[in-house]
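# Chains, contacts and geometry: an overview
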Amino acid sequence: MALRILVVDDAGFVRDTIKRSLRQMLPQCEIKEAVDGRKAVSLLKAGKYDIILSDWEMPEMSGDELLAWVRDQPALQQTPFIMITSRGDRDNVITAVKGGVNDYITKPFTPDELQRKVAKQLKRLGYTSSRTSAQIAAQDSAALLTGGAKKAQIQKPRVIRDAAGFGKPTAKAASPAAATFKGRAFIRFAGVTNACECAVKDLSLQALSGAIMRPEHNLSLFDQAVVDLENEQGEAVARLNGYIHTLQSLQPVPTATGIKIIIRFVDDDPAKLEALSLILAGK
């Protein structure tokens, strides 16, 4: 019987990214998807799944609430549960571990990272193949969750300004939406160690556009991204999932260090949209 995997996330783009990575690894697997924890419960009541991959922040029923429900069901207590979320701080990781999560992956993630996490759980289930065996990392999952959690924390690089004007306020070019945003924006990319501080040109309910310094790894269109917004006091006010919609060099030379970027948001969570609306309204 083919492996059955349940993918739970309110963002369709993220679900599609996960499904694509899983099918590259396990072409014969059966994948079902749910937009929130409540829909996932309905699917779990109707059939058996070998692995559950779930977002944390979702409307209706969050990932930690889904995890609690799953671990309360005798038939599901041993089902591998991987939490996939943009929350990367140690406290949230510990909370998930205590709740019974088997592993944890922080957005944005690469296909290899996701496949390694899934391969570890397949090994626990006794499922092996030449493809999955090659992807199982030597590091133990529990050690990674507890000892390596600090690596998931956001490290904010200092603002780098150059002669082209990156990082300098440009009130003349600012749109009405950008004018109401007085804080700071940081963008996290899969495979990039540090978050990139973004000089925001425009911010709306649909997207953020601005400029960043070129990170250590090349970026590509449709790569995952997580945008963290802070107010003027440095307090986190919103965390938004998205993907790279546009990339353009700030200078017309191969060695350009600045990049114009547009991140399209993909969350379908009323709470996140409300938080962003308040930011745009200057509240």
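Residues numbered from 1 in each chain as written. Predicted model: local features only at pLDDT ≥ 70, side-chain atom pairs only at ≥ 80, totals over all residues. Heavy atoms only, no water.

## Concerning the pairing of strand E3 (residues 51-55)
The line we're drawing: Between buried and exposed lies partly exposed: a residue is buried under 20% and exposed over 50% of the maximum accessible area for its type, with that area taken using a 1.4 Å probe on protein chains only. Note on conventions: DSSP H or I runs of at least 4 residues are helices, E runs of at least 2 residues are strands, and numbering of each starts at the N terminus. Two strands are said to pair when DSSP picks up at least two bridges between them.
Across the five residues of E3, five count as buried, placing the element largely inside the fold. Residues of E3 alternate between two faces, with Ile51, Leu53 and Asp55 on one and Ile52 and Ser54 on the opposite face, all of them buried. Both strand E1 (residues 4-8) and E3 contribute to a ladder of four bridges, which runs parallel. Along E3, the bridge assignment pairs Ile5 with Ile51.

## Brief notes about helix H4 (residues 90-99)
Keep this limit in mind: Arc, as used here, means the arc of the directions from the helix axis to the C-beta atoms.
Among the residues of H4, those classed as buried are Asn92, Val93 and Ala96. Each buried residue of H4 lies within a common arc of 100° when the element is viewed along its axis, so the set occupies one face. Among the exposed residues of H4, those pointing more than 90 degrees away from its buried face are Asp91 and Lys98. Directly after H4, the chain includes Gly100, whose backbone phi takes a positive value near 110°.

## Here's the deal with the sheet that holds strand E11 (residues 258-265)
The pairing of strands in a sheet happens through backbone hydrogen bonds and is either parallel or antiparallel. So the rule is basically this: A fitted line through C-alpha atoms represents every axis, and for helices the fit uses only the stretch in contact; the resulting angles, taken between N-to-C directions, go from 0 to 180 degrees. The contact definition used throughout considers only heavy atoms, calling two residues in contact when any of these lie within 4.5 Å.
In space, the six strands of this closed barrel follow the order E6-E7-E8-E11-E10-E9, with antiparallel pairing throughout. The average undirected angle you get between the axes of adjacent strands in this sheet is 45°. Of the strands in this sheet, strand E7 (196-203), strand E9 (224-230), strand E10 (236-249) and E11 are in contact with helix H9 (residues 270-280), which crosses E10 at around 80°.

## Topic: the pairing of E11
Alignment of strand E8 (residues 207-213) against E11, held across seven bridges, turns out to be antiparallel. Following the sheet pairing, Ala211 is matched in E11 by Lys260. Looking at chain direction, E10 and E11 are connected through seven bridges and run antiparallel. Within the sheet, the bridge partner assigned to Gly242 lies in E11 and is Phe265.

## Quick notes on the confidence of the model for the protein
Close reading of the predicted structure is inappropriate where its pLDDT is low. Threshold: One number per residue, pLDDT, summarises how confident the predictor is, and it ranges from 0 to 100.
On average, residues of the protein score 83 in pLDDT, and 80% of them reach the 70 mark or higher. Taken as a whole, residues 136-179 scores under 50 in pLDDT and shows 72 contacts with residues more than four places along the chain or in a different chain.

## Points about the packing of helix H1 (residues 12-25) against helix H5 (residues 111-125)
Note the cut-off: Each angle gets one of four labels, with under 35 degrees taken as roughly parallel, over 145 as roughly antiparallel, 65 to 115 as roughly perpendicular, and the rest as oblique. A clockwise turn of the near helix away from the far one marks a right-handed crossing, whereas an anticlockwise turn of less than a right angle marks a left-handed crossing. Polar here means any residue outside two lists: the nonpolar Ala, Val, Leu, Ile, Met, Phe, Trp, Tyr, Cys and Pro, and the charged Asp, Glu, Lys and Arg; Gly therefore counts as polar.
Viewed as axis vectors pointing N to C, H1 and H5 meet at an angle of 60°, and their least axial separation amounts to 10 Å. One element, H1, and the other, H5, form an angle in the oblique class. Crossing geometry of H1 relative to H5 is assigned as right-handed. Contacts between H1 and H5 involve Ile18, Ser21, Leu22, Gln24 and Met25 from the former and Pro111, Leu114, Gln115, Val118, Ala119 and Leu122 from the latter. A per-class count over the contact of H1 with H5 returns eight nonpolar, three polar and no charged.

## Some remarks on the environment of Gly282
Relative to the elements of secondary structure, Gly282 occurs in the segment after H9. We classify Gly282 as exposed; its relative accessible area is 52%. Between the C-alpha atom of Gly282 and that of Lys182, which follows or precedes it by 100 residues, the distance is 8.2 Å.

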